[in-house]
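Examination of the molecular architecture
Listed below are the residues making up each chain.
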Amino acid sequence: MKDVVEVHNVGMKYQSLDGEITALTDINFGVRDGEFISIVGPSGCGKSTLLSIISGLLPSTSGSVFLGGEKVSGVSRKIGYMLQKDYLFEWRTILQNVMLGLEIRKAVTPEVKERAVEFLKTYGLYEFRNKYPGQLSGGMRQRAALIRTLMTDPEILLLDEAFAALDYQTRLAVNDDIYAIIKQENKTAIVVTHDIAESISMADRVIVLSKRPGTVKKIYDIALTCTERTPMSSREAPEFRHFFLGIWKELDVHVELA
Amino acid sequence: MSNSLRLSPEHKAFLHQVRLGQIRIRLTQLLILVTAFALWEFLADAKIVDPFITSQPSRVLKTIISLYEQGVLFYHIGITCLETVVGFLLGTVLGTLIAIILWWSEFLSKVLEPYLVILNSLPKIALGPVFIVWIGAGPAAIIVMTLAISLIVTVLEVVNGFWAIDQEKIKLVQTFGAGKFQILTKVLLPASLPTIINALKINVGLSWVGVIVGEFLVSKAGLGYLIVYGGQVFKLDLVMTSVIILGVAAFVMYQGVVLLEMLLVRRKAH
Ligand SMILES: Nc1ncnc2c1ncn2[C@@H]1O[C@H](COP(=O)(O)OP(=O)(O)O)[C@@H](O)[C@H]1O
Ligand SMILES: [Mg+2]
């Protein structure tokens, strides 16, 4: 089967008066249908840039991206994008927030509202539908943000450090939570993170990017022995350590002592 | 909030304390007001100050009654309040509109920047006579005067509010395919509502300045006219009365805006 996401020789140069920043050079990889991909790389290596290019928000300066065989030009409807924070709008109720995408696409119908309510029921936010985001916990807000993304029925989810703003315990729980929902809804996902353990725990494959200008350094196939795979159980698999060390070495992290 | 049935005695005591504190503040405020007026009345009565120059509360009351009996009290109050309300609503709406245009076109915004800075630092009152000559001595000139005072401030305030909005919120709606107009309606305007209401609050104050100055210059009707007229014919009773009415009206209008704010920005409570 053909890959649902194909990234071909993608490069990105940002222009500014101070000069030119080459954020990405010659990125190549593919993502299979239903696959869960993690992208790790040092901060500033162009991970967000890469996701923006895949989504169609940002035109690359070289190369191209294909989604389901179609070349990306402009924001693609196949994509659901989750940003670093949940960015639930504080002036909208939870229900109004999850309707945002369809409202923008002018696709609000009674059936769609029904679906939103179903989603909120399934994922335990129904009682909060008329509350404002400030009244929800960090984990619940993340769920609401995911439902907002799922409401537009994307085929491919892009998560850009979507859990970075959460504290460690919440993040572990949210990892499991979001992973289960994405699997249940049968989505393909590309998750950007700089947390090595998080990247291994969720992914079928981990793509390691070099430091700027970012390029694919290595791709790991994450094969773990665990009975039922969840991010939490993955962390207990015997091979986990092995992958962790491999990626750690690949990332070549140094502490600069001034 | 709603679990008032299960209040602990400590919490009840705390709420009681808070309530008592509030009552004490209100009573002291009232006391200051009453004392000031009583002192004013007494000093004038005892001829320690000259009531011809300072007027006094009982004379103010008489003036109000006499204005009322002549049937002009509410006429003057009404005109001034109307001009002010029109001035600050128009200032806020037009200011927000111009801010939207400046946000929409970065080119225009950069071109106009130095002009906005000049207009902002110019004492707008200097333009009063110009407006009267151009527009004619009447309410229209007065409203333009208030607009001149409040418009630029509003534009700058709201534009800055727009730029202060988290770019990621805009990116979020863009991922759903939003264009410029939808960024405006779904993010910028709702997110800027507190800023716009803040501008409204500032504009209430500025509009009073504009209206009173306008009425000084036009000198036909309104509280500003009464003040100028009273000053010219040395009727300090009329001047003081108008000033006091002005204070009350300004206070009421400001409270109205505060109420509007509470109605519109009730989000994220608790
Ligand atoms: N709009 C932009 N203009 C200029 N440079 C940018 C822009 N966005 C990102 N960059 C630069 O490109 C590099 C990659 O950024 P980014 O994709 O955000 O990295 P990451 O998400 O991996 O931290 C950084 O050095 C950043 O400073
Ligand atoms: Mg990033």
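The rules behind these values
Residues numbered from 1 in each chain as written. Chains lettered and ligands numbered in written order. Predicted model: local features only at pLDDT ≥ 70, side-chain atom pairs only at ≥ 80, totals over all residues. Heavy atoms only, no water. Helix = DSSP H or I, 4+ residues; strand = E, 2+ residues; numbered from the N terminus. Rg over C-alpha atoms; globule rule 2.2 N^0.38 Å. Contact = heavy atoms within 4.5 Å. Pairing = 2+ DSSP bridges. Axes fitted to C-alpha atoms, helices over the stretch in contact; angles between N-to-C directions. Domains from an automatic or database assignment. Near = heavy atom within 4 Å. Polar contact = N/O pair within 3.5 Å; in protein donor to acceptor, adjacent residues only side chain to side chain. Areas by Shrake-Rupley, 256 points an atom, 1.4 Å probe, with all protein chains shown as cover. Salt bridge = Lys/Arg side-chain N within 4 Å of Asp/Glu carboxyl O. Buried < 20%, exposed > 50% of the residue type's maximum accessible area, 1.4 Å probe, protein only. Core = buried A, V, L, I, M, F, W, Y, C linked by side-chain atoms within 4.5 Å. pLDDT = per-residue confidence, 0-100. Expected span 1.5 Å × (residues − 1). Arc of directions from axis to C-beta.

Thoughts on the overall build of chain A
Helix and strand content of chain A: nine helices and ten strands. In terms of overall size, chain A behaves like a compact globule, its C-alpha atoms giving a radius of gyration of 19 Å where 258 residues would be expected to give roughly 18 Å. Along the three orthogonal principal directions, the C-alpha set of chain A runs to about 50 × 45 × 45 Å. Summarising the internal contacts of chain A: among those between residues at least 6 apart in sequence, 68% fall at separations of at least 24.

Description of the sheet that holds strand 2 (residues 19-31) of chain A
Residue and element names in this part refer to chain A. In space, the four strands of this open sheet follow the order 2-1-4-5, with antiparallel pairing throughout. Of all strands in the sheet, those bounded by a partner on one side alone are strand 2 and strand 5 (70-71). In this sheet, strand 2 lies alongside strand 1 (residues 5-16) in antiparallel orientation, the contact comprising nine bridges. Within the sheet, the bridge partner assigned to Val10 lies in strand 2 and is Ile27. Most of the contacts of helix 1 (residues 47-55) go to strand 2, to which it runs at about 65°, and overall it touches strand 1, strand 2 and strand 4 (62-67).

Description of the domain arrangement of chain B
Looking at chain B, the domain boundaries give domain 1 (2-49) and domain 2 (61-264). Computed from C-alpha coordinates alone, the two centres of domain 1 of chain B and domain 2 of chain B are separated by 33 Å.

Considerations on the site of ligand 1
Residue and element names in this part refer to chain A. Around ligand 1, a shell composed of Tyr14, Ile21, Ala23, Ser43, Gly44, Cys45, Gly46, Lys47, Ser48, Thr49 and Arg212 is seen. Between ligand 1 and Ser48, the relevant distance is 2.7 Å, taken from an oxygen atom to a side-chain nitrogen or oxygen of the residue. Between ligand 1 and the protein, one listed contact pairs an oxygen atom with a side-chain N or O atom of Arg212 at 2.6 Å. In the complex, the protein chains occlude 63% of the 560 Å² of accessible area that ligand 1 would expose alone. Among the elements of the structure, strand 2 and helix 1 are those that each provide at least two residues to the shell around ligand 1. Of all the elements, helix 1 adds the most residues to the shell around ligand 1, at three residues.

Structural notes on the sheet that holds strand 8 (residues 188-193) of chain A
Residues and elements named next belong to chain A. Across the sheet, six strands lie side by side as 6-7-8-3-9-10; this open sheet has mixed pairing. Two strands bound the open sheet, and with one partner strand each, they are strand 6 (79-82) and strand 10 (216-221). Geometrically, the sheet is characterised by an average inter-axis angle of 15° between neighbouring strands, direction not taken into account. Sheet topology places strand 9 (residues 205-209) next to strand 10; five bridges connect them, and they run antiparallel. Its bridge partner being in strand 10, Arg205 is matched across the sheet by Asp221.

A word on the pattern of salt bridges
Per the stated rule, a full pass over the model turns up 14 salt bridges over all chains. In this structure, Asp153 of chain A and Lys187 of chain A form a salt bridge, with 3.2 Å as the shortest nitrogen-oxygen distance. Placement of the pair is Asp153 of chain A in the loop between helix 5 (138-150) and strand 7 (156-160) and Lys187 of chain A in the loop between helix 6 (168-184) and strand 8, with a sequence separation of 34 residues. Owing to a relative accessible area of 9%, Lys187 of chain A belongs among the buried residues under this scheme. One salt bridge connects Lys201 of chain B with Glu261 of chain B, and the closest N-O pair in it is separated by 2.9 Å. In this pair, Lys201 of chain B sits in helix 9 (residues 180-218) while Glu261 of chain B sits in helix 11 (residues 236-264), placing the two residues 60 residues apart along the sequence. One network of salt bridges, in which partners are shared, links Arg32, Glu35 and Arg205 of chain A.

Remarks on the nonpolar core
All names here are of chain A. Ranked by internal contacts, the top residues of the largest apolar core, which has 55 residues, are Val5, Phe29, Ile39, Ile54 and Ile190. If near-sequence neighbours (up to four positions away) are discounted, Ile190 is found in contact with Val5, Val31, Ile37, Ile39, Leu51, Ile54, Leu157, Leu158 and Leu159. Ala116, Phe119, Phe163 and Ile178 belong to the second-largest nonpolar core, a separate cluster that totals 33 residues.

Focus: the confidence of the model for chain B
Looking at chain B as a whole, its pLDDT mean stands at 90, while 96% of the residues score no less than 70. Reported confidences for the modelled complex are a pTM of 0.84 and an ipTM of 0.88.

Notes on helix 3 (residues 57-69) of chain B
Residues and elements named next belong to chain B. For helix 3, built from 13 residues, the straight-helix expectation of 18 Å at 1.5 Å per residue is met to within 8% by its first-to-last C-alpha distance of 18 Å. Every buried residue of helix 3 is accounted for by Pro57, Val60, Thr63 and Leu67. Buried residues of helix 3, seen end-on, are gathered within an arc of 115° and therefore sit on one face of the element. Along helix 3, the residues that are exposed and aim more than 90 degrees away from the buried face are Leu61, Lys62 and Glu69. As for helix 3, its buried residues are in contact with helix 1 (9-45), helix 4 (73-104), helix 10 (223-232) and helix 11. Looking one or two residues past helix 3, Gly71 carries a phi angle of roughly 75°, positive in sign.

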